Each structure stands twice: as C-alpha cells, then as structure tokens.
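Descriptive analysis of the structure
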Amino acid sequence: SSCFPMDVVRTRLMVTGGMVKYGGMRACIATMYTKQGLGAFYRGFLPAIISMAPNGAVYYTVYDRLKMGRLQQLEREVAVA
C-alpha cells in the first residue's frame with residue numbers, strides 16, 4: 001500500500017516530542033531514510049496487512065450473502081407479479 005509510508009511518518013510526528021525531534025514532515029522523511037533506510041517507512045506493514053485479512057473476509061462474506069438474499073427476494077417478487 002502506497003499510503004503506509006506516510007502513515008508511519010504521520011505517526012512519528014504525532015507522538016509526544018515528534019515535532020521537536022523531527023521539526024516537520026520533510027525532516028522526518030529525510031531523517032528516517034538517512035538513519036534507518038527505506039525499510040523504516042514500512043515498519044509494521046506486515047502485521048497491519050495480516051490484521052486486515054479477517055476483517056476483509058467477514059466484510060465480503062456478509063456483503064455477498066446479503067446481496068444474494070436480496071437478488072433472490074427480487075426474483076420472487078417478479079415471479080409473483
């Protein structure tokens with residue numbers, strides 16, 4: 001996800017003392033890249049993705065079942081009319 005690196009930067013700036021430590025977004029990005037490398041922007045990416053999988057599975061399962069139920073209901077209404 002291309003948004004994840006910016007979430008990491010935002011989180012680092014929001015923690016207590018983050019603005020004092022980094023000074024701003026550009027300085028935070030530069031410091032992270034210089035001191036920790038590209039991997040610093042994706043720290044915590046895997047656990048975040050793993051935690052999203054069950055949520056997506058439940059969401060799409062419920063959505064699909066509700067959709068199928070509604071389509072069957074509409075078919076019954078059309079058959080009666």
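The written sequence of each chain sets the order in which its residues are numbered from 1. Totals for whole chains, interfaces and linings use all residues, but because this is a predicted model, local features are given only for residues with pLDDT of at least 70 and pairs of side-chain atoms are given and counted only at 80 or more. Each side-chain value is derived from all of the structure's non-hydrogen atoms; neither hydrogens nor water enter the calculation.

1. Observations concerning the overall build of the protein
Each helix is a run of H or I in the DSSP string that is no shorter than four residues. Each strand is a run of E no shorter than two, and both are numbered from the N terminus. Helix and strand content of the protein: four helices and zero strands. Along its sequence from the N terminus, the protein presents helices and strands in the succession α-α-α-α. Only C-alpha atoms enter the radius of gyration; for comparison, a globular chain is expected to reach 2.2 Å times N to the power 0.38, where N is the number of residues. Relative to a compact globule of 81 residues, whose C-alpha radius of gyration would be 12 Å, the protein shows 23 Å and is clearly more extended. By principal-axis analysis of the C-alpha atoms, the protein measures approximately 70 × 20 × 20 Å. Relative accessible area decides the class of each residue, using a 1.4 Å probe on protein chains only: under 20% of the type maximum gives buried, over 50% gives exposed, and in between gives partly exposed. Looking at the protein as a whole, 17% of its 81 residues are labelled buried. For the protein, the share of sequence-separated contacts (at least 6 apart) that also reach a separation of at least 24 residues comes to 45%. For the protein, the computed accessible surface area is about 6,600 Å², with 65% contributed by carbon and sulfur atoms. Contacts between residues were defined by any pair of non-hydrogen atoms, one from each residue, lying within 4.5 Å. Surface exposure here means Shrake-Rupley accessible area, sampled with a 1.4 Å probe, where a residue is shielded only by the protein chains that are shown.

2. What about the nonpolar core?
Within this scheme, the nonpolar core is defined by two criteria: the residues are buried Ala, Val, Leu, Ile, Met, Phe, Trp, Tyr or Cys, and they are joined through side-chain atoms within 4.5 Å. Core analysis: the biggest nonpolar cluster contains 10 residues, these being Phe 4, Val 8, Val 9, Leu 13, Tyr 22, Cys 28, Met 32, Ala 40, Phe 41 and Ala 48. Mapped onto this core, the elements with two or more residues apiece are helix H1 (4–14) and helix H3 (25–36). Tallying contributions element by element places H1 first for this core, with four residues.

3. Quick notes on a nonpolar patch on the surface
A cluster of nonpolar side chains, contributed by Met 6, Met 25 and Ile 29, occupies part of the molecular surface with about 250 Å² of accessible area. Within the secondary structure, Met 6 is located in helix H1. Classification of Met 6 as partly exposed rests on a relative accessible area of 39%. Only residues above 30% relative accessible area that lack a salt bridge enter a patch, with like-charged residues linked at up to 9 Å and the nonpolar side chains Val, Leu, Ile, Met, Phe, Trp and Tyr linked at up to 5 Å. A carboxyl oxygen of Asp or Glu within 4 Å of a side-chain nitrogen of Lys or Arg is what we treat as a salt bridge.

4. Concerning the packing of aromatic side chains
For Phe, Tyr and Trp, rings pair up if their centres lie within 6.5 Å, where Trp contributes its six-membered ring, and each pair is then called stacked (planes under 30 degrees apart), edge-to-face (over 60) or tilted (otherwise). Applying the stated criterion to the full structure yields three aromatic pairs. Their ring planes at 75° and their centres at 5.3 Å tell us that Phe 4 and Phe 45 sit as a pair that is edge-to-face. On the criterion of sequence distance, the pair formed by Phe 4 in helix H1 and Phe 45 in helix H4 (residues 45–80) is long-range, its members being 41 residues apart. Of the residues examined, Phe 4 reaches a relative accessible area of 16% and is grouped as buried.

5. A few points about the environment of Tyr 33
Following the sequence through the fold, Tyr 33 ends up in helix H3. Placed 39 residues apart in sequence, Tyr 33 and Gln 72 show a C-alpha to C-alpha distance of 55 Å.

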